[in-house]
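# A closer look at the structure
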Amino acid sequence: MKSGNIKKVVLAYSGGLDTSVAIKWLKENYHCEVIAFAADLGQGEELTPLRKKALNTGAGKIYIEDLREEFVRDFIFPMLRANAIYEGSYLLGTSIARPLIAKRQIEIANKEGADAVAHGATGKGNDQVRFELTYMALNPKIKIIAPWREWDFKSRQGLIEYAELHNIPVAATKEKPYSTDRNLFHISYEGGILEDPWAEPPSDMYTMSVPAEKSPNKPTYIELTFKNGNPAAINNKKMSPAKLLTELNKIGGRNGIGRVDMVENRYVGIKSRGVYETPGGTILHTAHRAVESITMDREVMHLRDSLMPRYAELVYYGYWFSPERDMLQKAIDESQKNVTGTVRLKLYKGNCYVVGRRSPVSLYKSELATFEEDTVYNQKDAEGFIRLNALRLKIRR
């Protein structure tokens, strides 16, 4: 028995290998009541069986809550307004889900009078940090149990054997031991057969997108409308945040868009190979930058761009509920007040091309940009401009 002080714990439960084993393990080692919490973030899987599975595995109660609209509106869209990409490739699909799951988990723990919260993240990964930083930010007094840092299992193979011994049904198998995490924004694959960075992922692994070579031979054109930096409509049809992203996932997926295979630097210091599918998110990111290109002041854009790597790091590392992320978000949202307009995109064979953009508040002025004759720009003025900017370079000689 680990501790007599913990009588009730709320576990972030996905129904996967780690958290399925965790229910049984928590009861065996802490002799406490386990309340499972499953967040519907658009996993694309049927969540109803989780109720029966969690209760059969030993949970005293389970919460299954639909958080899709909140997820997209209050977490994904603010992140997209910042154009956040980690290390040039990762659109942060798993990272952005964790603070919402942990936030709701703390709310349930407070409601249930639980002594502790628990998660199934490993001691070698990023998710443990993301969950626990959120727990501590929102309820500093809550006890935290991280089974992977306590139990004797050394690998997922050991968990599979434990699950088989205790008749716990799990999806992971010895043949396909890689781990997946899915939500409305993306799906990630890591571990197992993907740990060799030279090995190409198996073709049957992907679930949200078709291979580019098997996508339609005819391009798909769509128009995306933004208001104050947020996506609002597809082809002039207004949709809620979650419905809009769901539709873009379908459109992007069938055109082979959004696959990424990268080796990234985890916060704990380990390099890790991750494979991702983010079809709708890739389209949104491309379109958002296109609207910004005609609506944002140059210096505002360049200053905001200098903040993007730091913002992405904060999301990746787990500092969503931090004063520095709040500060950056306020600055970014100020820059988005005029990011309103429509982008026309051409989707073809895994590529997302911007082929048109317009805005009622556009800063693009054809009479200034033209190479033809104009009356608003005196080209001779450029000589003095260049001489003044060259002055510091000349005096160095």
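This text gives an overview of the structure that appears in the document.

What counts and how
- Residues numbered from 1 in each chain as written.
- Predicted model: local features only at pLDDT ≥ 70, side-chain atom pairs only at ≥ 80, totals over all residues.
- Heavy atoms only, no water.
- 1 Å grid on protein atoms, 1.4 Å probe; cavity = no way out; pocket = protein on both sides within 12 Å on 5 of 7 lines; lining within 4 Å.
- Points joined across faces, edges and corners; volume = space filled by probe spheres on them.
- Nonpolar A, V, L, I, M, F, W, Y, C, P; charged D, E, K, R; others polar.
- Pairing = 2+ DSSP bridges.
- Helix = DSSP H or I, 4+ residues; strand = E, 2+ residues; numbered from the N terminus.
- Axes fitted to C-alpha atoms, helices over the stretch in contact; angles between N-to-C directions.
- Contact = heavy atoms within 4.5 Å.
- Expected span 1.5 Å × (residues − 1).
- Bend = angle between axes of the 7 residues up to and from the residue.
- Buried < 20%, exposed > 50% of the residue type's maximum accessible area, 1.4 Å probe, protein only.
- Core = buried A, V, L, I, M, F, W, Y, C linked by side-chain atoms within 4.5 Å.
- Parallel < 35°, antiparallel > 145°, perpendicular 65-115°, else oblique.
- Patch = residues over 30% accessible without salt bridge, like charges linked within 9 Å, V, L, I, M, F, W, Y side chains within 5 Å.
- Areas by Shrake-Rupley, 256 points an atom, 1.4 Å probe, with all protein chains shown as cover.
- Salt bridge = Lys/Arg side-chain N within 4 Å of Asp/Glu carboxyl O.

### Focus on the layout of surface pockets
- In this structure, the second largest pocket encloses a volume near 270 Å³.
- Around the second largest pocket, the lining is made up of 14 residues, and of these Gly-42, Gly-44, Arg-182, Leu-184 and Thr-246 lie nearest the centre.
- A breakdown of the residues in the lining of the second largest pocket according to their chemical character gives two nonpolar, seven polar and five charged.

### Things to note about the pairing of strand β9 (residues 230–234)
- The pairing of strand β8 (residues 220–227) with β9 spans four bridges and is antiparallel. Its bridge partner lying in β9, Lys-227 is registered against Asn-230.
- The hairpin turn running from β8 into β9, its antiparallel successor, is two residues long, and Asn-228 in that turn takes a positive phi close to 55°.
- Here β9 runs beside strand β10 (residues 237–238); their pairing, made up of two bridges, is antiparallel. Across the sheet, Ile-234 pairs through a bridge with Lys-237, a residue of β10.
- In sequence, β9 turns back onto β10 through a hairpin of two residues, with Asn-235 there showing a positive phi of about 50°.

### A short note on the sheet that holds β8
- Read from one edge to the other, the open sheet built from five strands follows the order β10-β9-β8-β13-β14, with strand pairing classed as antiparallel. Only two strands of the sheet have a single neighbouring strand rather than two, namely β10 and β14 (351–358).
- Here β8 pairs with strand β13 (residues 341–348) via seven bridges, running antiparallel. Bridging across to β13, Ile-222 finds its partner in Leu-345.

### Details of the sheet that holds strand β4 (residues 116–118)
- If you walk across this open sheet you meet the five strands as β3-β2-β1-β4-β5, and the pairing is parallel. Edge positions in the sheet fall to β3 (61–66) and β5 (143–145), since each has one partner strand and no second. If you compare each strand with its neighbour and ignore which way they point, the axes differ by 25° on average.
- When strand β2 (residues 33–40) meets β3, the two strands line up parallel, connected through six bridges. Paired with Ile-35 across the bridge in β3 is Lys-61.
- Helix-sheet contacts for helix α4 (residues 97–112) involve β1 (8–12), β2, β3 and β4, and the interaxial angle to β1 is about 160°.

### Considerations on helix α9 (residues 298–317)
- Here α9 contains 20 residues, and its C-alpha end-to-end distance of 29 Å stays within 8% of the 28 Å for a straight helix at 1.5 Å per residue.
- At Met-308, α9 shows its maximal bend, which comes to roughly 35°, and the proline Pro-309 appears one to four places after that position.
- Considered for burial, the residues of α9 that qualify are Met-301, Arg-304, Met-308, Tyr-311, Ala-312, Leu-314, Val-315, Tyr-316 and Tyr-317.
- Tucked into the core, α9 has its buried residues touching α3 (68–81), α5 (127–138), β11 (259–265), α8 (279–295) and α10 (323–335).

### Re the nonpolar core
- Phe-71, Ile-76, Leu-92, Leu-224, Ile-283, Tyr-311 and Leu-345 are the most contacted members of the largest nonpolar core, which totals 69 residues.
- Aside from chain neighbours lying at most four places away, what touches Leu-345 is Thr-220, Tyr-221, Ile-222, Leu-224, Ile-283, Thr-286, Ala-287, Cys-352, Tyr-353, Val-354 and Val-355.
- Counting 31 residues, the second-largest nonpolar core is a separate cluster that includes Leu-11, Leu-17, Tyr-30 and Ile-145.

### Comments concerning the pairing of strand β6 (residues 179–182)
- Of the two faces of β6, the one holding Ser-179 and Asp-181 is buried and the one holding Thr-180 and Arg-182 is not buried anywhere.
- In this antiparallel pair of consecutive strands, β6 and strand β7 (residues 187–190), the connection spans four residues.

### Observations concerning the packing of α8 against α9
- Running from N to C, α8 and α9 point in directions that differ by 150°, and their axes come no closer than 11 Å. Judged by the inter-axis angle, α8 sits roughly antiparallel to α9. Contact residues: Arg-289, Glu-292 and Ser-293 in α8; Met-301, Arg-304, Asp-305 and Met-308 in α9.
- Of the residues contributing to the contact of α8 with α9, the split by class is two nonpolar, one polar and four charged.

### Some remarks on unusual backbone geometry
- Phi is positive for Asn-235, which is not a glycine, with a value near 50°.
- Tracing the backbone shows Asn-235 in the loop between β9 and β10.
- Residue classification places Asn-235 among the partly exposed residues on the basis of a relative accessible area of 43%.
- Phi at Asn-236 takes a positive value of approximately 70°, unusual for a residue other than glycine.
- Relative to the helices and strands, Asn-236 resides in the loop between β9 and β10.

### Focus on a nonpolar patch on the surface
- A cluster of nonpolar side chains, Tyr-221, Tyr-353 and Val-355, forms an exposed patch at the surface whose accessible area comes to about 280 Å².
- Following the sequence through the fold, Tyr-221 ends up in strand β8.

### What about the pattern of salt bridges?
- Evaluation of the coordinates by the stated rule reveals 25 salt bridges.
- For Arg-81, the salt bridge goes to Asp-333, with nearest N and O atoms at 2.8 Å. One end of the pair, Arg-81, is in helix α3; the other, Asp-333, is in helix α10, with 252 residues separating them in the sequence.
- Given the relative accessible area of 11%, Arg-81 is considered buried.
- For Arg-289, the salt bridge identified is with Glu-292, shortest N-O distance 4.0 Å. Pair noted here: Arg-289 and Glu-292 are both in helix α8, with a separation of three residues, about one helical turn.
- By relative accessible area, which is 28% here, Arg-289 ends up partly exposed.
- Among the charged side chains, a network of salt bridges with common partners joins Glu-65, Glu-70, Lys-103, Arg-104 and Glu-107.

In short, the description is geometric, and any link to function would need to be established separately.
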